[in-house]
Protein chains: 4
Amino acid sequence: MKNPDFSNLSAIYVNCTLKKSPLKSHTSTLMAVSRRIMDKENVKTEEIRLIDHQVAIGVQPDMTKHNWDKDEWPTLFEKIIKADILIVGTPIWLGEKSSVAQKLIERLYGMSAETNAKGQYIYYGKVGGCIITGNEDGIKHCAMGILYSLQHIGYSIPPQADCGWIGKVGPGPSYSDTEWKGEKVHPPVGFESDFTNQNTTFMTYNLLHLANMLKSNGGYSEYGNSKKKWEDGTRWNFETPA
Amino acid sequence: MKNPDFSNLSAIYVNCTLKKSPLKSHTSTLMAVSRRIMDKENVKTEEIRLIDHQVAIGVQPDMTKHNWDKDEWPTLFEKIIKADILIVGTPIWLGEKSSVAQKLIERLYGMSAETNAKGQYIYYGKVGGCIITGNEDGIKHCAMGILYSLQHIGYSIPPQADCGWIGKVGPGPSYSDTEWKGEKVHPPVGFESDFTNQNTTFMTYNLLHLANMLKSNGGYSEYGNSKKKWEDGTRWNFETPA
Amino acid sequence: MKNPDFSNLSAIYVNCTLKKSPLKSHTSTLMAVSRRIMDKENVKTEEIRLIDHQVAIGVQPDMTKHNWDKDEWPTLFEKIIKADILIVGTPIWLGEKSSVAQKLIERLYGMSAETNAKGQYIYYGKVGGCIITGNEDGIKHCAMGILYSLQHIGYSIPPQADCGWIGKVGPGPSYSDTEWKGEKVHPPVGFESDFTNQNTTFMTYNLLHLANMLKSNGGYSEYGNSKKKWEDGTRWNFETPA
Amino acid sequence: MKNPDFSNLSAIYVNCTLKKSPLKSHTSTLMAVSRRIMDKENVKTEEIRLIDHQVAIGVQPDMTKHNWDKDEWPTLFEKIIKADILIVGTPIWLGEKSSVAQKLIERLYGMSAETNAKGQYIYYGKVGGCIITGNEDGIKHCAMGILYSLQHIGYSIPPQADCGWIGKVGPGPSYSDTEWKGEKVHPPVGFESDFTNQNTTFMTYNLLHLANMLKSNGGYSEYGNSKKKWEDGTRWNFETPA
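Residues numbered from 1 in each chain as written. Chains lettered and ligands numbered in written order. Predicted model: local features only at pLDDT ≥ 70, side-chain atom pairs only at ≥ 80, totals over all residues. Heavy atoms only, no water.

Draft legend 1. Summary view of the relation of the copies chain D and chain A. If you rotate chain D by 180° and push it 0.0 Å along the axis, it lands on chain A with an RMSD of 0.0 Å. Both chain copies can therefore be described as sitting about a two-fold axis. When C-alpha positions in chain D are compared against the rotation axis, the closest is assigned to D:Ser99, at 2.4 Å. Taken together, the interface assignments show that 96% of the residues at the interface of chain D recur at the interface of chain A, consistent with an identical surface on both copies. (Least-squares fit on C-alpha atoms with pLDDT ≥ 70 in both. Contact = heavy atoms within 4.5 Å.)

Draft legend 2. The arrangement of helix α2 (residues 73-82) of chain A in detail. Residue and element names in this part refer to chain A. All of the buried residues in α2 are Trp73, Leu76, Phe77, Ile80 and Ile81. The buried residues of α2 occupy an angular sector of 130° when projected down its axis, which confines them to one face. Opposite the buried face of α2, at more than 90 degrees from it, the exposed residues are Thr75 and Lys82. Structurally, α2 contributes buried residues whose contacts are with β1 (10-15), β2 (44-49), β3 (85-93) and α3 (99-110). (Buried < 20%, exposed > 50% of the residue type's maximum accessible area, 1.4 Å probe, protein only. Helix = DSSP H or I, 4+ residues; strand = E, 2+ residues; numbered from the N terminus. Arc of directions from axis to C-beta.)

Draft legend 3. Just helix α5 (residues 194-216) of chain D, in detail. In this model, α5(D) (23 residues) spans 33 Å end to end at C-alpha, consistent with the 33 Å of a helix rising 1.5 Å per residue. With respect to burial, α5(D) is a largely interior element, 19 of its 23 residues being buried. (Expected span 1.5 Å × (residues − 1).)

Draft legend 4. Molecular detail of the relation of the copies chain B and chain A. Of the transformation placing chain B onto chain A, the axial shift is 0.0 Å and the rotation is 180°, giving an RMSD of 0.0 Å. Comparing interface residues between copies, 100% of those in chain B also sit at the interface in chain A, which points to an isologous, same-surface contact.

Draft legend 5. Structural context of the packing of aromatic side chains. Counted by the stated rule, this structure contains 51 aromatic pairs over all chains. On the basis of an interplanar angle of 75° and a centroid distance of 5.9 Å, the ring pair of A:Tyr124 and A:Tyr220 is categorised as edge-to-face. Within this pair, whereas A:Tyr124 is found in the loop between α3 and β5 (127-133), its partner A:Tyr220 is found in the loop between α5 (194-216) and α6 (227-232), the two being separated by 96 residues in sequence. The pair A:Tyr124 / A:Tyr220 is uniform in exposure class, with both members buried. Considering the side-chain rings of B:Tyr123 and B:Tyr155, the 5.2 Å spacing of their centres and the 25° angle between planes classify their relative orientation as stacked. Separated by 32 residues along the polypeptide, B:Tyr123 in the loop between α3 (99-110) and β5 (127-133) and B:Tyr155 in the loop between α4 (139-153) and β6 (162-165) bring together distant segments of the chain. Taking relative accessible area as the criterion, B:Tyr155 reaches 0% and is therefore assigned buried. Members of the aromatic cluster, joined through ring pairs, are A:Tyr223, A:Trp230, A:Trp236, A:Phe238, B:Phe6, B:Phe202 and B:Tyr205. Residue placement shows A:Arg235 over the ring face of A:Trp230; its charged tip is 3.6 Å from the ring centre. The side chain of B:Lys20 reaches across the aromatic face of C:Trp68, ending 3.7 Å from its centre. (Phe/Tyr/Trp six-rings, centres within 6.5 Å; stacked < 30°, edge-to-face > 60°. Lys NZ or Arg CZ within 6 Å of the ring centre and 35° of its normal.)

See the structure below:
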């Protein structure tokens, strides 16, 4: 069987670390594992480190019209909406996704009133996943929130679309650290975790497969899900219960 | 454009109400709204009210081999795994999905070691959604947990795969009630909620579209996601970080 | 300074493992660490393994009046409500507390309409905490749900009332295991986790301190929180906004 | 019985709205209901609208030492740590607390390495609660996250420490709105919700009662919970399991 061709796909990785460049982001390092696969599959990829940009807070498409001096969101959104795949990366703090990840979700949500040519929510036809890193606890909880939000605004979620690395309970090194409490660690922390490697790989390929399928299908048919048609009174086979 | 043909699809609705038949389940009533659409689209549907069955507690495929006298799970699982679509319905108690829904997830998870002919997790190629009812708060929180679990074990989640009905804060009537505090309510509570009706419709059709796409595609290619091949050493384009 | 005297306090540990006796419960083993402290402080303690009892599903005080043949809940509730301290223990499955823990919360909630002599919800004056074990992820997420529910129905939560043990990401041994993949592990897994030991100790003592304080205070004054008085029209210094 | 005297207590309300002053914050309006009670009980109160301040992102006590030009957190933290009571207010977006609330939690957590004179975490002896507003869903889910975080870093949580207002499912007016879709609403939305009013009142008084009790008790005894003593080897009645 011939390998699938993913070369007409593009993916954007939004890294929601709390650390500005050039500080090291552990999340970025795990994202790179996924991105390397995509690169080798000839997918066009880019990573945005959100905190490096002046993104305003709020739920309007452009916050400069709402009391904010600066807002790079409109530019970043253009990149996100052009990509077939969105991967949200976040560190874990106190068991939760970062405030930067929460801001990203608020801004994505702030665009969700827009519809595509079929009258569907604008994220229809795109696929989403997430990459989580922390030093002890919370991959699943963070993934729940992120994947829920993505599907709710219109992204499709393939199987096993969450991956990450955490160490055992209590303080400890983070993903890719090469030192802990003054001692060298080699290979870097987490690099040999079969579980993390497998999940990251499966997520990456499942995102590609589903994006490919949706793209070659022209996204979703608008039969039964067009916001615009619903507002015009179309109900397909829905009947008001009585 | 011709309407899509969904007649080779099947869907199973698992109702996780705490109430045994013949007690009225509000969740069942909202499920019926979705199911009616499927029926009219010639999809084969069935509702299982889980609490009517003697399903053991645990994470093994058949708990009669682990200290339990009875376990109807293996029979119910056959139905679930044969269906192209799984819709989990749950009431909300104290902001959470029901203990019956949690048990369902545990049992589904208990089967996740099994793989299909391609060596993928057994739920690959199937799609999932959820229907939530309560009298005041928690649709999104319940949906987060359910949809997360489904995708984690292998289901695909189409856009807007969660729907439900809740009333405003505080005690109040439930979906489809025709009386509240001694007064008649007509039409029944929630039946005219445009929001609930739209979301239920969109979810139903999006489940159908994605199930159709996956079915005609023969599920997911095993390139990049076969558990069996990973164990055999295949890594596709994954590289151990260094 | 003299050590505090906790000898008039009692604590109940409800273990929500999915495993019936005499199967080994890892959660029980960690609960025993906390319980040993209490025993040495002369607190009266008891562990209930919920799954060993025939507890019906539902949100009514006694489900035998609602279609169920058997329901041991009323008896168990008597023990729970008599204890000054409730510690809920749960394993983690797919990042969530167990279905048994969810059932416990539903049943506790099902009693919350009852009020004490002051007209307060019946759990006022009691304190709650939780103990979570899993093999890789989810202590904080499970604790969120449990502690939220306890405070919402009337329990008080002292500082750092959650503790637990998890291993690093991926399959691995559970708390107190002495073997993993055919190899002996000594000391048993997690026994030397300073983090788990410290958190378990702090939780235990904080539960005792707050229970002691509340007990010697006669619980909470009913000024400002009596359900009964609110229903009678008392509003203290609350004013309807206008 | 004489009413309790709360006049030596102080409370800080941190409003995590996404809207800068002078935009109207619905959350602030509900906070005012609680604050009015406190004022009339002679408690010293203050509301901080976090978004009006230049608070950096990160988990260090002062981010100006870590790449940020400005950080008002140290000043705000002084106010928060001086108050006996912390009430976190947040709007709900897509079922979650706001990114501003998440940032607050990150910054509070960033101080949690500090200990008081007894060697306890610095928030010991203080009490916390939350106020949530949204237009349709999520009070409990937001409260779970906030109250969990507060107790985990050292706050005590009294009974029923969460309150809020939401409308029924779907788009709708927010708390205190006087107009919806061009029509006047009177009284303002939510003002007559007996449920919201009761919960806000009970929370407020329970925070006061517990803060009073803890203050007159000099906080928590350090027997069994002093981080400093644990590090020095004190174990009280904890025994390493074996």
